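Below, each chain spelled out in residue letters.
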Amino acid sequence: IIAAACSSETGFDAQFRCIQQLVVFSSEFHSTNTMQKSGDSRAVDTTPGVTSTEPYKGLVYLYLSGGTDSFHMLAPHTCAPINVYERFRAIRGKNSLSEGIGMTLEEMLVIDGNNPDQPCSKFGIHPNLPILQTLYNDGDAAFIANAGLMSEPVDVNNYKQTLAQLFAHNDMQSNTQKVDLFDEFFGTGIQGRIAGVLKDKGMPVNVFSISGTQAINVGEPGGAPPFIISSSGLPDFNKDPSISDMDSVIRELNNATRKDSGFFAETFANKLSEAMTSHEQLKMELDAVDVSTIFPDSGVGDQLKMVAKLMKTRESRGVVRDMFYVSQGGYDTHSNMQMNLVDKFTTLNAALEAFVAEVKTQGLWNSVTLVQFSEFARTLDPNTGDGSDHAWGANHFHIGGGLAGGKVRGLYPDDFEQSPTNPIALSRGRMVPTYPWDAMWKGTAEWFGIEEGSEMGKVLPMHTNFPGKTYNAAELYSN
């Protein structure tokens, strides 16, 4: 097959290049088996094996990479009887010589906490994130305060028993995406496990990353395979073929086999054929749709635009559940934190505004949730470069039309200084989380179709370690 396909090329170099390219697409090259072809074309069916009457839901995971200074995203404003704001400004470096790096009352976008358990009746959102204030006041956004990656509840006396390399980017990034510190489902991520559970009970689901290969989308063998898509879309499968009909030749090399053919070679041939067909179909569907909203020309803006385009192809893909991973980098603000966050939050705000507008235009706002995470927060005590360093407990948000929003959940700290009487403050204003990442994930997963019991135990294997510290769907959602 290869010799015949490449014989039309003129010159040794062109023929050799053609042969090399085709050889690496053969199953024999990737296994020790001999392919016993049946002579039939390979039938590839990439349509969902089941249909579902479930209404569509989309889940977008927004990762702010580098460790967001999230106490500069949500700050204390009006607090009594303890003046938490003054304590906050003090730990953030305010003194007679400097204003430090804490937000002033005048620049905050004020919201009501709407939670009597909090030490403050009002909080302040960063002035460059007005979309969060708007959505919060509309009941379409909420925060969970002082949450983080945890394997069990801890305080300053035993926090080192947490099964993670605290304050380290690589380990905290990976495990924030996995939420399985005991490795009960080794190598898998939370969205991959959600997809696997939904697939097993007959719910058509797709998982996408618009930001490279990510652990969060990895499931167990047999689960829903993740798609990795550039924010600019899908290119042709073979943009520069050596011969005009190279794709057809690759399919012919991997045609149907006899029953006595090698299993490993057959698996490669089948998966390659499925991937080529899926790629072709998804590219055709994406090329046929566009959004009606103008998105900003930025990394996170382009990613969210691609998410919106993919949502428009949901019916042609035959799915009722989609999960997406998008990210924005640059939050490792060891210097000039305030100036850097003005830039980052301005860019993020524009992207979120466009995304919300587009999802509403598509009529999906009540069916979509966006959850925001980062590997950790940052020290409240500034360093000498007007920056902040790696810490732990963080504030994070979620948005969506179905949320029971307009509330700051979790528990915002009322004391940031390390002392013998403070159970959650480490040195330099590094806060031990009082709520786990599971707090937001549990209700989100339940809303998405995961049932309490064995399903939730697989998706969130640590959540039972935190009685009273997680939220169910009835608490997080209004619909």
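What counts, and where the lines are drawn
Residues numbered from 1 in each chain as written. Predicted model: local features only at pLDDT ≥ 70, side-chain atom pairs only at ≥ 80, totals over all residues. Heavy atoms only, no water. Helix = DSSP H or I, 4+ residues; strand = E, 2+ residues; numbered from the N terminus. Rg over C-alpha atoms; globule rule 2.2 N^0.38 Å. Buried < 20%, exposed > 50% of the residue type's maximum accessible area, 1.4 Å probe, protein only. Contact = heavy atoms within 4.5 Å. Phe/Tyr/Trp six-rings, centres within 6.5 Å; stacked < 30°, edge-to-face > 60°. Lys NZ or Arg CZ within 6 Å of the ring centre and 35° of its normal. Disulfide = S-S within 2.5 Å. Core = buried A, V, L, I, M, F, W, Y, C linked by side-chain atoms within 4.5 Å. Axes fitted to C-alpha atoms, helices over the stretch in contact; angles between N-to-C directions. Parallel < 35°, antiparallel > 145°, perpendicular 65-115°, else oblique. Left-handed = near helix turned anticlockwise from the far one by under 90°. Nonpolar A, V, L, I, M, F, W, Y, C, P; charged D, E, K, R; others polar.

**With respect to the overall build of the chain**
Each helix and strand counted, the chain has 14 helices and 14 strands in total. Relative to the 2.2 N^0.38 estimate, which gives 23 Å for 479 residues, the radius of gyration of the chain is 25 Å and therefore close to what a compact globule would have. Projected onto its principal axes, the C-alpha positions of the chain cover 85 × 50 × 45 Å. Within the chain, buried positions represent 55% of all 479 residues. Here the analysis covers contacts within the chain between residues at least 6 apart in sequence; of these, 76% occur between residues at least 24 apart.

**Examining the packing of aromatic side chains**
All told, the structure shown has 22 aromatic pairs when counted by the stated rule. When the centroid spacing of 5.7 Å and the interplanar angle of 20° are considered together, the rings of Tyr61 and Tyr325 count as stacked. Here Tyr325 lies in strand β8 (residues 321–328) and Tyr61 lies in strand β1 (residues 57–64), a separation of 264 residues in the sequence. Residues Tyr61 and Tyr325 agree in their burial class; the two are buried. Grouping aromatic residues by their ring pairs yields a cluster made of Tyr61, Tyr63, Tyr325, Phe373, Trp437 and Trp441. Across the ring face of Phe448, the terminal group of Arg321 is positioned such that the distance to the ring centre comes to 5.4 Å. In this structure, Arg430 is placed above the aromatic ring of Phe167, and the distance from its NZ or CZ to the ring centre is 4.9 Å.

**Here we look at the state of the cysteines**
Summed over the entire model, instances satisfying the criterion amount to two disulfides. The side chain of Cys6 participates in a disulfide bridge whose partner is Cys18; the two sulfur atoms lie 2.0 Å from each other. Between Cys6 and Cys18, the S-S torsion sits near -75°, and that sign places the bridge as left-handed. One end of the pair, Cys6, is in helix α1 (residues 2–6); the other, Cys18, is in helix α2 (residues 12–23), and twelve residues separate them in sequence. Each member of the pair, Cys6 together with Cys18, is buried. In this model Cys79 forms its disulfide with Cys120; the gap between the sulfur atoms is 2.1 Å. Classification of the bridge connecting Cys79 and Cys120 rests on its S-S torsion, roughly 90°, and on that basis the disulfide is right-handed.

**Quick word on the nonpolar core**
Grouped together as the largest cluster of nonpolar side chains are 125 residues, with contacts concentrated most on Val60, Ile194, Leu304, Met311, Phe355, Ile399 and Trp441. Here the element with the most residues in this core is helix α11 (residues 337–361); it accounts for ten residues. Those residues in contact with Phe355, other than ones at most four positions away along the chain, are Val60, Phe295, Leu304, Val307, Ala308, Met311, Val368 and Leu370. With twelve residues, the next largest nonpolar core counts Ile2, Cys18, Met246 and Val249 among its residues.

**Structural notes on the packing of helix α6 (residues 190–200) against helix α12 (residues 438–448)**
Taken N-terminus to C-terminus, the directions of α6 and α12 make an angle of 30°; their axes are 11 Å apart at the nearest point. In terms of axis orientation, α6 runs roughly parallel to α12. The element α6 and its partner α12 pack so that their crossing is right-handed. Facing Ile190, Gln191, Ile194 and Leu198 of α6, the residues of α12 in contact are Trp441, Ala445 and Phe448. When the residues that make up the contact of α6 with α12 are grouped by side-chain class, the tally is six nonpolar, one polar and no charged.

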